[in-house]
Amino acid sequence: MFELEDAVKQCVERLARFRRQHQRIGEQNTKAGLIEPVIGALGWDLFDLDEVHREYRRRGADNPVDYALLMLRTPRLFIEAKGLGENLDDPRWANQTISYATVAGVEWVALTNGAEWRVYNAHAPVPVEHKLFRAVRIEEDFEGAVELLSLLSKENMRDNRIEELWKGYFVDRQVHAELRELFGGGEPAPEMVALLARRLAKLNREEIRSSLVRVRAVFDFPSSNAGSPADSVTSEPTMAPADRPETIAEPALSEGLPSASALSRPRRPAKGPVSKEERAIRTTDMINAGRLRPGSRLYAKYWGEQHLAELLPDGSIRYHGQAFSSPSAAGEAVKIRLHGSGITPSRKATDGLDFWSAEDALTGETVTLKEIRRRVARNGGV
């Protein structure tokens, strides 16, 4: 079974070939060549009717949905497939599948033509046009496609991870709408003027109102994989750099980061058995071999965010001001910080060497720590 990244990459390559050859492959070939490879890579058994039911009908007289993905013989996700080239903007496609999912008690719906995937929450108490959780075109956003599709994996559907993200997104979207209403330009909301007048006793209301008219206010909800409003941006009034208040904080994640392509897809070690000798190599051994430099930065991408840590001389890792004895412990700290201390042990467990990436001091590449460990082992620890 292909890993998800491999399956999506394969689909991108096929799409490029189909477009070069001006092929219209139809719905059945779209399913076979572009959709089912993804379903299989998500951990669903395409040959087990108790997991993947094609042409699913809740009742005999119902119109079928292309795929029902089931757990304990209960549908958890409907996937409606259209032929490559079909326009997913046609409201009929989403409306009919969402309506059927609502009747069938299925919360999540995916609509796809192989090139684009759209995921909906059929049970959200909002109009159909607001039930869309996220959409992605795999040729334009490979990383985003992998992140979104991974939420539909058998494991993540079992853990209901997508529901957690939806709750944050649903709240953020409502808050975002209200903030835009308050700061939407033109005449500022009276309650905002009144609030600032109470907090800024030295300014009168007209001065505050005039300032709010000038402010360029937009709002940034930190990305949590698929959890932030699509049109959110940074909240900051326009001011000259010299006028900006000085702040003291941890280094910005963008400061000193390697290129986006290197960071989003660091080189990973070739698959194969790992020897006992390689497993015995510690972070300090990588430092002693000249592959890692004390004080260098470690990078990780998790839940759509970039995370930054520092490698200390003794091989420990400092993340958010706290030193951790191993890369795995530091990776778990990232997850606890985002999900809270109630995170389940299975979700907290982290392969730290695969989680963190750093610059290989000998080559200048940004690669995973696991790849650096492999290189040390290959060179006899030198």
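Quick caveat: nothing in here was measured; it's all calculated off a predicted structure.

What follows is about the overall build of the protein. Assigned secondary structure in the protein consists of 15 helices and twelve strands. Taken over 382 residues, the protein has a buried fraction of 43%. Looking at the protein alone, contacts between residues at least 24 apart form 54% of all its contacts between residues at least 6 apart. About 20,700 Å² of surface is accessible on the protein, with carbon and sulfur atoms providing 50% of the total.

Remark on secondary structure: sheet strands pair via backbone hydrogen bonds, oriented parallel or antiparallel. Reading across the sheet, the six strands line up as β1-β2-β3-β4-β5-β6 and stay open at both edges, with mixed pairing between neighbours. Looking at which strands have only one partner, the edges of the open sheet turn out to be β1 (52-56) and β6 (132-137). Neighbouring strand axes in the sheet, compared pairwise and without regard to direction, differ in orientation by 20° on average. Inspection of the sheet shows strand β4 (residues 108-112) paired to strand β5 (residues 116-121) by five bridges, in the antiparallel sense. Looking at β5, one finds that Thr112 is bridged to Trp117. Across the sheet, helix α4 (residues 142-150) touches β5 and β6, and the angle it forms with β6 is around 140°. Relative to β6, helix α6 (residues 161-182) is tilted by about 105°, and along the sheet it contacts β4, β5 and β6.

Core analysis: the biggest nonpolar cluster contains 70 residues, and Ile39, Trp117, Phe133 and Trp356 have the highest contact counts within it. Top element by residues in this core is helix α1 (residues 4-20). It accounts for six residues. Membership of the second largest hydrophobic core comes to 16 residues, among which are Leu70, Trp93, Tyr120 and Ala122.

A separate point is the packing of aromatic side chains. Enumeration over the complete set of coordinates arrives at six aromatic pairs. Considering the side-chain rings of Tyr56 and Phe78, the 5.7 Å spacing of their centres and the 45° angle between planes classify their relative orientation as tilted. Highlighted residues: Tyr56 in strand β1 and Phe78 in strand β3 (residues 74-81), separated in sequence by 22 residues. Across this residue pair, the class does not change: Tyr56 and Phe78 are buried. Centre to centre, the rings of Phe78 and Tyr100 are 5.6 Å apart; their planes meet at 15°, and the pair counts as stacked. With a gap of 22 residues between them, Phe78 in strand β3 and Tyr100 in helix α3 (residues 91-104) connect regions that are remote in the sequence. A relative accessible area of 13% places Tyr100 in the buried class.

Checked against the element boundaries, Ser316 lands in the loop between β8 (305-311) and β9 (317-319). Polar contacts involving the side chain of Ser316 include one to the side chain of Asp314, which spans 2.5 Å. Non-local contacts of Ser316, meaning those with residues more than four positions away in its chain, are made with Glu310, Leu311, Ala323, Phe324 and Ser325.

If you check the backbone angles, Leu72 has positive phi at about 50° while not being a glycine. Relative to the helices and strands, Leu72 is located in the loop between β2 (65-71) and β3. The exposure class of Leu72 is exposed, given its relative accessible area of 84%. With phi around 65°, Arg73 is a residue other than glycine that occupies positive phi space.

For the rest of this paragraph, the subject is the packing of α1 against α4. Where α1 contacts α4, the two axes come as close as 10 Å, and the packing angle between them is 130°. Classed by the angle they form, the pair α1 and α4 counts as oblique. Crossing handedness for the pair α1 and α4: right-handed. From α1, Leu4, Glu5, Val8, Lys9 and Val12 reach across to α4, where they touch Phe142, Ala145, Val146, Leu149 and Ser150.

This brings us to the pattern of salt bridges. Scanning the entire structure with this criterion turns up 25 salt bridges. The shortest N-O distance in the salt bridge between Arg19 and Glu139 comes to 2.8 Å. One end of the pair, Arg19, is in helix α1; the other, Glu139, is in the loop between β6 and α4, and 120 residues separate them in sequence. Residue Arg19 is classed as partly exposed on the basis of its relative accessible area, which comes to 44%. Given the relative accessible area of 37%, Glu139 is considered partly exposed. Here Arg373 and Glu278 are joined by a salt bridge, their closest N and O atoms 3.7 Å apart. Of this pair, Arg373 sits in helix α15 (residues 369-378) while Glu278 sits in helix α10 (residues 276-279), and the two are 95 residues apart along the sequence. Under the relative-accessibility criterion, Arg373 is labelled buried at 7%. When its relative accessible area of 11% is taken as the criterion, Glu278 is described as buried. Residues participating in the shared-partner salt-bridge network are Arg291, Asp360, Glu365, Glu371, Arg374 and Arg375.

With that settled, the discussion passes to α3. An α-helix turns once per 3.6 residues; consequently, residues spaced three or four apart project the same way. The first and last C-alpha atoms of α3 sit 20 Å apart over 14 residues, in line with the 20 Å expected at 1.5 Å per residue. When we look at burial in α3, the residues that qualify are Trp93, Ala94, Thr97, Ile98, Tyr100 and Ala101. Across the axial projection of α3, the buried residues extend over an arc of 165°, all falling on one side. Of the residues in α3, the exposed ones pointing more than 90 degrees away from the buried face are Pro91, Arg92 and Val103. Buried positions along α3 lie against β1, β2, β3, β4 and β5. Just downstream of α3 lies Gly105, where phi reads positive at about 75°.

Reading the values: the criteria
Residues numbered from 1 in each chain as written. Predicted model: local features only at pLDDT ≥ 70, side-chain atom pairs only at ≥ 80, totals over all residues. Heavy atoms only, no water. Helix = DSSP H or I, 4+ residues; strand = E, 2+ residues; numbered from the N terminus. Buried < 20%, exposed > 50% of the residue type's maximum accessible area, 1.4 Å probe, protein only. Contact = heavy atoms within 4.5 Å. Areas by Shrake-Rupley, 256 points an atom, 1.4 Å probe, with all protein chains shown as cover. Pairing = 2+ DSSP bridges. Axes fitted to C-alpha atoms, helices over the stretch in contact; angles between N-to-C directions. Core = buried A, V, L, I, M, F, W, Y, C linked by side-chain atoms within 4.5 Å. Phe/Tyr/Trp six-rings, centres within 6.5 Å; stacked < 30°, edge-to-face > 60°. Polar contact = N/O pair within 3.5 Å; in protein donor to acceptor, adjacent residues only side chain to side chain. Parallel < 35°, antiparallel > 145°, perpendicular 65-115°, else oblique. Left-handed = near helix turned anticlockwise from the far one by under 90°. Salt bridge = Lys/Arg side-chain N within 4 Å of Asp/Glu carboxyl O. Expected span 1.5 Å × (residues − 1). Arc of directions from axis to C-beta.

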